[in-house]
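What the coordinates show
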Amino acid sequence: MRHRRTSPRSRIPHAAGLFAALTALAAVLLPAPGRALDLPRESRVPGGIAILDLGAADGPPGSVVFNGHGAPVLRNGATWVAVVGIPLDTAPGKHAATLQPGRGNPSKVEFTVTDKRYEEQRLTVKNQRHVEPSKEDLERIERERKRIDAALGNFDAERVPQFVLRAPVDGRRSSSFGLRRFFNDQPRNPHTGMDIAAPTGTPIVSPAPGVVTDTGDYFFNGNTVFVDHGQGMVTMHCHLSRIDVKPGDAVATGTPLGLVGATGRVTGPHLHWGVAVNRAMVDPALFLQE
């Protein structure tokens, strides 16, 4: 089957336009009625996943938006569920996603986020430019930030994501997600992915079926590949020594994406692997079978 290719910058409009587009397309390629899905492990903490029950699957699925971004909505057995990513900066307490049902008026689906304290990590970076960027570097970083945001916020309603992922590289996995990081003793944003240590040149593969939506060499991330897995689930693969795919390529689980490297802001060769759901960076460990 041939999939529609989407631009890394294609974004479904917010509010009414977003709801209409999601509702019209969410039923495409849905699992057969009665079959339970393989879902990520639920963890209702900042950087985690909330799986919301939307009711009986006896009508159209509707659509769900959280923080202005569409979340996957799928049939899980006899019910519709939404898989909602919780951003790392989410405050503990009650929150609500907006449900636009297939029929009727929008409603709120409430859930509670509990607190989680992430540890600190202090790293030494040899290239001081990656700690104190120049004016020209900052301008480049801002341009790249917009491009990264577009790639991670991509929403392909026709593609159904696979939630149990293959580790993209063989290596030692760190529990680095969410760590409050200090580079050369200077505080930086929390770590939004999983680091997997491996020698330079180790193959990196796609963790699930999808479409490559962007590739490039970024100031902090180095050589990077973005893969859109459908309905707001996107993975990013950073610090590669070589990229072996291009935007528009359809990939299967295990398709080579490139090789491990040490490009960008690094302390040694490894893969930084990020998973975004409704544009929230969430813990990749929730999607791996242990």
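All values derive from a computational prediction rather than experimental measurement. (Residues numbered from 1 in each chain as written. Predicted model: local features only at pLDDT ≥ 70, side-chain atom pairs only at ≥ 80, totals over all residues. Heavy atoms only, no water.)

For the rest of this paragraph, the subject is the sheet that holds strand β5 (residues 79–85). Spatially, the 3 strands line up as an open sheet ordered β1-β5-β4, and their pairing is antiparallel. Both outer strands of the open sheet, β1 (49–56) and β4 (73–76), are each paired with one neighbouring strand and no more. The average angle at which neighbouring strand axes cross in this sheet is 35 degrees, direction not considered. Sheet topology note: the β4/β5 ladder contains 4 bridges and is antiparallel. Note that in β5 the partner of R75 across the bridge is W80. (Pairing = 2+ DSSP bridges. Helix = DSSP H or I, 4+ residues; strand = E, 2+ residues; numbered from the N terminus. Axes fitted to C-alpha atoms, helices over the stretch in contact; angles between N-to-C directions.)

So, about the packing of aromatic side chains. Given two aromatic rings, one states the distance between the centres and the angle between the planes to describe the pair. Going through the model one piece at a time under the given rule, you end up with 4 aromatic pairs. With a centroid separation of 5.0 Å and an interplanar angle of 75 degrees, the aromatic rings of F219 and F220 are classed as edge-to-face. On the accessibility criterion, F219 (3% relative accessible area) is buried. The side chain of R265 reaches across the aromatic face of F220, ending 4.3 Å from its centre. (Phe/Tyr/Trp six-rings, centres within 6.5 Å; stacked < 30°, edge-to-face > 60°. Buried < 20%, exposed > 50% of the residue type's maximum accessible area, 1.4 Å probe, protein only. Lys NZ or Arg CZ within 6 Å of the ring centre and 35° of its normal.)

The sheet built from 4 strands is open, its strands ordered β3-β2-β6-β7 with antiparallel pairing. Edge positions in the open sheet fall to β3 (69–71) and β7 (107–113), since each of these has one partner strand only. Averaged over all neighbouring strand pairs, the angle between strand axes comes to 40 degrees, with direction disregarded. As defined by bridge partners, strand β2 (residues 63–66) adjoins strand β6 (residues 93–100) across 3 bridges and the pair is classed as antiparallel. Bridge pairing in β6 links S63 to Q100.

Chain-level pLDDT for the protein is 85 on average; 80% of the residues reach the 70-or-more range. Low pLDDT (under 50) marks residues 1–16, which in the prediction has 33 contacts with non-local residues, meaning those over four places away or in another chain. Residue range residues 23–32 is modelled with pLDDT below 50. Its contacts to residues more than four positions away, or to other chains, number 24 contacts. (pLDDT = per-residue confidence, 0-100. Contact = heavy atoms within 4.5 Å.)

Burial analysis of strand β18 (residues 256–260) places 4 of its 5 residues in the buried class, which makes it a mostly covered element. The sheet contact formed by strand β13 (residues 203–205) and β18 spans 3 bridges and is antiparallel. The residue bridging P203 from the neighbouring strand is L259, located in β18.

Grouped together as the largest cluster of nonpolar side chains are 34 residues, with contacts concentrated most on I49, W273, V275 and F287. Among the elements that take part in this core, strand β19 (residues 270–277) stands out by supplying 4 residues, more than any other. Leave out the neighbours within four places in its chain, and V275 touches L165, M233, V234, T235, A280, M281, V282, P284 and F287. (Core = buried A, V, L, I, M, F, W, Y, C linked by side-chain atoms within 4.5 Å.)

Turning next to the pattern of salt bridges. As enumerated under the stated definition, the model contains 10 salt bridges in all. Notably, a salt bridge pairs E144 with R140, separated by 2.7 Å at the nearest N-O pair. You can see E144 and its partner R140 sitting in helix α2 (residues 135–152), 4 residues apart, about one turn around the helix. Between E142 and R145 there is a salt bridge, and its shortest N-O distance comes to 2.8 Å. With E142 and R145 both in helix α2 and 3 residues apart, the pair spans about one turn of that helix. Since its relative accessible area comes to 45%, R145 is described here as partly exposed. (Salt bridge = Lys/Arg side-chain N within 4 Å of Asp/Glu carboxyl O.)

Before going further, it helps to spend a moment on α2. Given a rise of 1.5 Å per residue, 18 residues ought to cover 26 Å, and the 26 Å separating the end C-alpha atoms of α2 matches this to within 8%. For α2, the secondary structure elements touched by its buried residues are β14 (210–218), β15 (222–230), β16 (233–243), β19 and β20 (280–282). (Expected span 1.5 Å × (residues − 1).)

Moving on to the pairing of β16. Most of β16 is tucked away: 8 of the 11 residues are buried. Between β15 and the antiparallel strand that follows it, β16, lie 2 residues; Q231 among them carries a positive phi value of about 50 degrees. Sheet topology places β16 next to β19; 6 bridges connect them, and they run antiparallel. Of the residues in β19, the one forming a bridge with V234 is A276. As defined by bridge partners, β16 adjoins β18 across 3 bridges and the pair is classed as antiparallel. Following the sheet pairing, I243 is matched in β18 by G258.

Within the chain, N278 stands out as a residue other than glycine whose phi angle is a positive 45 degrees. The backbone of R279 sits at a positive phi, close to 70 degrees, despite the residue not being glycine. In this fold, R279 is placed in the loop between β19 and β20. Relative accessible area serves as the criterion here: at 22%, R279 is assigned to the partly exposed category.

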